[in-house]
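Results of the structural survey
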Amino acid sequence: MINTEVMTNNTVLKDTIDMLFDLSVDDLLEIQSFIKGNRSRNMKDAAADIAEFYKPLTEAELIERIDKGIAEADAGMFIDSETMEKELIAEFGL
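Being a predicted model, the structure only gives us computed values, none of them experimental. (Residues numbered from 1 in each chain as written. Predicted model: local features only at pLDDT ≥ 70, side-chain atom pairs only at ≥ 80, totals over all residues. Heavy atoms only, no water.)

We now examine the overall build of the protein. On a plain count of helices and strands, the protein comes out with 5 helices and 0 strands. Along its sequence from the N terminus, the protein presents helices and strands in the succession α-α-α-α-α. The globule rule puts the C-alpha radius of gyration for 94 residues at 12 Å, and the 22 Å found for the protein is more than 25% above it. The burial tally for the protein puts 1% of its 94 residues in the buried class. Entry remark: accessible area of the protein is about 8,700 Å², with carbon and sulfur atoms responsible for 61%. Here the protein carries 9 positive and 21 negative side-chain charges, and the mean point of each set is 5 Å from the other. (Helix = DSSP H or I, 4+ residues; strand = E, 2+ residues; numbered from the N terminus. Rg over C-alpha atoms; globule rule 2.2 N^0.38 Å. Buried < 20%, exposed > 50% of the residue type's maximum accessible area, 1.4 Å probe, protein only. Areas by Shrake-Rupley, 256 points an atom, 1.4 Å probe, with all protein chains shown as cover. Lys, Arg positive; Asp, Glu negative; His and termini not counted. Charge placed at Lys NZ, Arg CZ, Asp CG, Glu CD.)

Listed below in structure tokens is the structure:
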């Protein structure tokens, strides 16, 4: 479950895991409950963001978005896919 890259490169995570070994079962259950609550809340927020992003568009909204994209491309406001791929790889260390 633990990302090995994070484990290797993150001393804060290592220190936190070391601290967990000193806790009682009750303390561990409390921390686990806290983390589950935060993960659940974050998942709900993410789901709401996705639902908003992918909401169905009316025909007029769709045509407006297409026309805007065409106008931006005509104005030279675009990046070819190879350049964008290189930028994303560099930015996210992929």
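After that view, the rundown keeps rolling.
The next subject is helix α4 (residues 59-74). For α4, spanning 16 residues, the distance from its first C-alpha to its last is 22 Å, which sits close to the expected 22 Å at 1.5 Å a residue. Positive backbone phi, approximately 85°, marks glycine 76, located one or two places after α4. (Expected span 1.5 Å × (residues − 1).)

A separate point is the confidence of the model for the protein. Mean pLDDT over the protein: 83, with 90% of residues reaching 70 or higher. Summarising per-element confidence for the protein, the mean pLDDT is lowest in helix α1 (residues 4-9) (60) and highest in α4 (94). (pLDDT = per-residue confidence, 0-100.)

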